[in-house]
Amino acid sequence: MTARATRQPGLRQHGSADDHVAFVDLRAQTRALQPALTAAMEAVLRRGDFVLGEDVAGFEREFAAYCGVDQAVGVDSGLSALELALRAAGIGPGDEVITQANTFIATVSAIQAVGARPVLADCDPQGAVDPAAVAARISPRTRAIIPVHLFGRIGDMEAILALAAEHGLVVIEDACQAHGAVWRGRRAGSFGLAAAFSFYPAKNLGAFGDGGMLVTSSPELAGTARLIRNYGQRVKYEHEAMPLNRRLDTLQAAVLRVKLPQLDSWNDRRRQLADRYRERLADLPINLPPAEDGRRHVYHLFVIGVDGRDPLRAGLAAAGIETGIHYPIPLHRQPVLASLGYADGSFPLTERLAARSLSLPMYPELPVDQLDRVAAAVRDWVTSQAG
Ligand SMILES: *Cc1c(COP(=O)(O)O)cnc(C)c1O
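All figures in this text were calculated on a predicted structure; none of them were measured in a lab.

**Student:** Could you clarify how one ought to interpret the sheet that holds strand S8 (residues 194–198) in this entry?
**Tutor:** One key point about sheets: their strands pair by backbone hydrogen bonds, in either a parallel or an antiparallel sense. On the basis of which strands lie adjacent, the open sheet formed by 7 strands has the order S1-S9-S8-S5-S4-S2-S3 and mixed pairing. The sheet is open, and its two edges are formed by strand S1 (71–75) and strand S3 (117–121), each paired on a single side. Averaged over all neighbouring strand pairs, the angle between strand axes comes to 25 degrees, with direction disregarded. Examined bridge by bridge, strand S2 (residues 96–100) and strand S4 (residues 142–146) share 4 bridges and lie parallel to one another. Bridge pairing in S4 places Thr-99 opposite Ile-146.

As C-alpha cells, then:
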C-alpha cells in the first residue's frame, strides 16, 4: 500500500514529493526488462564488437521486418537518418524540400545539412501534414516532401503520395515519433521512398542514449546510406562516397533488440491511456486528439489544445504535474531560421497550435491514478475558468 492510500481524504498536500507526476519516467521500463537488457549488453562486452557489430545487423533486419520494408540502416540519431535519406536520394544545393512549419527543428536541420532549401507549409488543425498546403508550395525546384507523423499519428499519406507521383517528388517520412503506427494496413516508415526513426530515450522505442534508423525498400538508397554512415567506405580506407561517421552503436542496437518485441504492447498501452484521458476530459471546452480507428496513432505525445494554456500549465506545475509544449516557437519564428524569410502570420494553424497546445504526461508505464489526477486537475482549472 502506498503512503498516499493511507492518508485521510482531504489532507493531501498538493506538490508533495509522492504527488509528483512526471511527464515521462524511463526507469520503470528499464526495471521491467533489466535482466534481459543486462545480458544483451554483457554479450556485446564479451564479443567486443562495439562498432557495426552483430547486434546492429540483427536489429536492422528485425526493425525492417517490423516496419514492412526491405532495408534498415542503423545510424546515430533521427537527424542523421533524415539527412542520410536526403543525401542518398541525391537531394542537395538548388533543391527545395517541403515540410511542416510545426515540426521539431531536426526535420529542417536535415534539409539544411544537405544544402537544400527548406520550404515550410502549414499543418492541418490537428498538427498533421496538410496535403493542400504542401501542394500550394510546390515549385519547379521542389524535389522532396517530408511529412512528419507528429505526436505519433500518421497523416493523409494517400494524398501526399498522390501529390508526389503527380509532380515526380520523393517522399521521405519523418517517423521519429511514430514507431509502430499503422494506417490502412501499412506501418509508419513503409509509405515513402525512405523514412527516419529516432531512438532518443523518450521516443516510443528508446535507446540508452542517441540512435536512429533509416528504413527503405530501395536497395540502392540503403547501399548509399550504408556507405555514407561509415566514412564512405565499402572496403576499409577506400572512400567512395561522402565520408561521414553516423553509425549506430552496437550497445544501443543490443538494447533496442530487447525492447522491439515489446513495442506493440507499449503502444497499445499508450492508446488505452489516451482513451482514459479522453473519457476523463470529455465535454470540456478544450481540443482533444480524436479517437482513431485502429493503430493510426501511437501517442508519442498526448496533446490537448486549450485557451489559457500558460496559466493552466503553471497551475499544473504548482500541483506537481509536469507537462510539455510541442512546440512553443514555430520554426518560422526561430532566430536560426530567420533567413528563410517567413513573416509572422504565415502559418496560422501552426501558430494557433503553438499558442494553445499542452502535452500531458504520457508513457506506457504511467500509473492510472496519476493520469486521473492530471485529468482532474485539468478539469478543475478549465471549469473554474468557465464559471
Ligand atoms: C526526435 C525527432 C527527430 C530527431 O531525432 P534525434 O534522434 O533527436 O536526432 C526528428 N524529427 C522529429 C519529429 C522528432 O520528434
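Structure shown, so let's carry the discussion forward.
**Student:** Is there a simple way to explain the pairing of S2 in this structure?
**Tutor:** With 5 of its 5 residues buried, S2 lies for the most part within the structure. For the crossover from S2 across helix H6 (residues 105–113) to S3, the handedness is right-handed.

**Student:** Explain the packing of helix H4 (residues 54–67) against helix H10 (residues 250–259) here, please?
**Tutor:** When two helices pack together, their arrangement is given by the angle between the helix axes and the distance between those axes. It is at 8 Å that the axes of H4 and H10 come closest, and there the two elements cross at 40 degrees. Taken together, H4 and H10 sit at an angle that is classed as oblique. The two elements H4 and H10 meet at a crossing, and its hand is left-handed. Contact with H4, carried on its side by Glu-54, Asp-55, Val-56, Gly-58, Phe-59, Arg-61 and Glu-62, involves Thr-250, Ala-253, Ala-254, Leu-256 and Arg-257 of H10 and no other residues of that element.

**Student:** Where do I start with the side chain of His-179 in this structure?
**Tutor:** By the element assignment, His-179 lies in the loop between strand S5 (170–174) and strand S6 (182–183). The class of His-179 is buried, set by a relative accessible area of 0%. Here Ser-198 takes part through its backbone oxygen, which lies 2.6 Å from a polar atom of the side chain of His-179. Excluding residues within four positions of it along the chain, His-179 makes contact with Phe-197, Ser-198, Phe-199, Lys-203, Asn-204, Leu-205, Leu-263, Asn-267 and Val-298.

**Student:** Just to check I follow, could you spell out helix H11 (residues 263–281) for this structure?
**Tutor:** Two residues of an α-helix separated by three or four positions point the same way, owing to the 3.6 residues in each turn. In this model H11 runs 27 Å from its N-terminal to its C-terminal C-alpha over 19 residues, within 8% of the 27 Å that 1.5 Å per residue would give. Backbone geometry just downstream of H11 places Asp-283 in the positive-phi region, at approximately 60 degrees.

**Student:** Help me out: how do you make sense of the packing of H11 against helix H14 (residues 368–386) in this one?
**Tutor:** H14 packs onto H11 with a crossing angle of 30 degrees between their chain directions and a minimal axis gap of 9 Å. Both H11 and H14 take part in a crossing whose hand is right-handed. Contacts from Arg-269, Leu-273, Arg-276, Tyr-277, Arg-280 and Leu-281 in H11 reach Val-368, Leu-371, Asp-372, Val-374, Ala-375, Val-378 and Arg-379 in H14. Split by residue class, the contact of H11 with H14 holds 8 nonpolar, no polar and 5 charged.

**Student:** Help me understand the domain arrangement of the protein chain, please; the structure alone is not making it clear to me.
**Tutor:** Think of interface size as the accessible area that goes away when the parts come together; that is how it is often given. If you check the domain split of the protein chain, you get domain 1 (32–260) and domain 2 (262–386). On the side of domain 2, 31 residues touch domain 1, which itself brings 44 residues to the contact. Linking domain 1 with domain 2 are 2 salt bridges. With a shortest N-O distance of 3.4 Å, Asp-264 and Arg-187 are connected by a salt bridge. Here domain 1 is connected to domain 2 by 23 residue pairs in polar contact (both at pLDDT 80 or more).

**Student:** Just to check I follow, could you spell out the nonpolar core for this structure?
**Tutor:** The nonpolar side chains of a soluble globular protein tend to be buried, and buried together. If you look at the biggest cluster of nonpolar residues, it comprises 58 residues, and the most contacted ones within it are Phe-59, Phe-63, Phe-197, Phe-199, Leu-205 and Val-215. Here the element with the most residues in this core is H4; it accounts for 6 residues. Counting contributing residues, this core receives three or more from each of domain 1 (32–260) and domain 2 (262–386). Judged by nonpolar contacts, the second largest core, of 28 residues, contains Leu-82, Ala-85, Ala-116 and Ile-228.

**Student:** Can you walk me through the site of the ligand in this structure?
**Tutor:** If you check the shell around the ligand, you find 13 residues, and the closest are Gly-78, Asp-174, Gln-177, Ser-198 and Lys-203. Between the ligand and Asp-174 there is a distance of 2.8 Å, counted from a nitrogen atom to a side-chain nitrogen or oxygen. In this structure, Gln-177 approaches the ligand through a side-chain N or O atom, which is 2.8 Å from an oxygen atom. In isolation the ligand has 380 Å² of accessible area, and contact with the protein removes 90% of it. Among the residues forming the shell around the ligand, the class breakdown is 5 nonpolar, 6 polar and 2 charged.

**Student:** What exactly am I supposed to notice about the packing of aromatic side chains here?
**Tutor:** Where two aromatic rings form a pair, the distance of their centres and the angle of their planes describe that pair. Under the criterion given, the structure shown has 10 aromatic pairs. An aromatic cluster is present here, built from Phe-59, Phe-63, Tyr-66, Phe-197 and Phe-199 joined pairwise through their rings. One Lys or Arg, Arg-187, reaches over the ring of Tyr-66 and ends 3.9 Å from the middle of that ring.

**Student:** Mind showing me how you'd approach the environment of Val-336 here?
**Tutor:** Looking at the secondary structure, you find Val-336 in the loop between helix H12 (309–318) and helix H13 (348–356). Residue Val-336 is classed as exposed on the basis of its relative accessible area, which comes to 61%. Distance from Val-336 to Gly-294, taken between C-alpha atoms, is 39 Å for residues 42 residues apart in sequence.

Calculation notes
Residues numbered from 1 in each chain as written. Predicted model: local features only at pLDDT ≥ 70, side-chain atom pairs only at ≥ 80, totals over all residues. Heavy atoms only, no water. Pairing = 2+ DSSP bridges. Helix = DSSP H or I, 4+ residues; strand = E, 2+ residues; numbered from the N terminus. Axes fitted to C-alpha atoms, helices over the stretch in contact; angles between N-to-C directions. Buried < 20%, exposed > 50% of the residue type's maximum accessible area, 1.4 Å probe, protein only. Right-handed = clockwise from strand over helix to strand, strands pointing away. Parallel < 35°, antiparallel > 145°, perpendicular 65-115°, else oblique. Left-handed = near helix turned anticlockwise from the far one by under 90°. Contact = heavy atoms within 4.5 Å. Polar contact = N/O pair within 3.5 Å; in protein donor to acceptor, adjacent residues only side chain to side chain. Expected span 1.5 Å × (residues − 1). Nonpolar A, V, L, I, M, F, W, Y, C, P; charged D, E, K, R; others polar. Domains from an automatic or database assignment. Salt bridge = Lys/Arg side-chain N within 4 Å of Asp/Glu carboxyl O. Core = buried A, V, L, I, M, F, W, Y, C linked by side-chain atoms within 4.5 Å. Near = heavy atom within 4 Å. Areas by Shrake-Rupley, 256 points an atom, 1.4 Å probe, with all protein chains shown as cover. Phe/Tyr/Trp six-rings, centres within 6.5 Å; stacked < 30°, edge-to-face > 60°. Lys NZ or Arg CZ within 6 Å of the ring centre and 35° of its normal.

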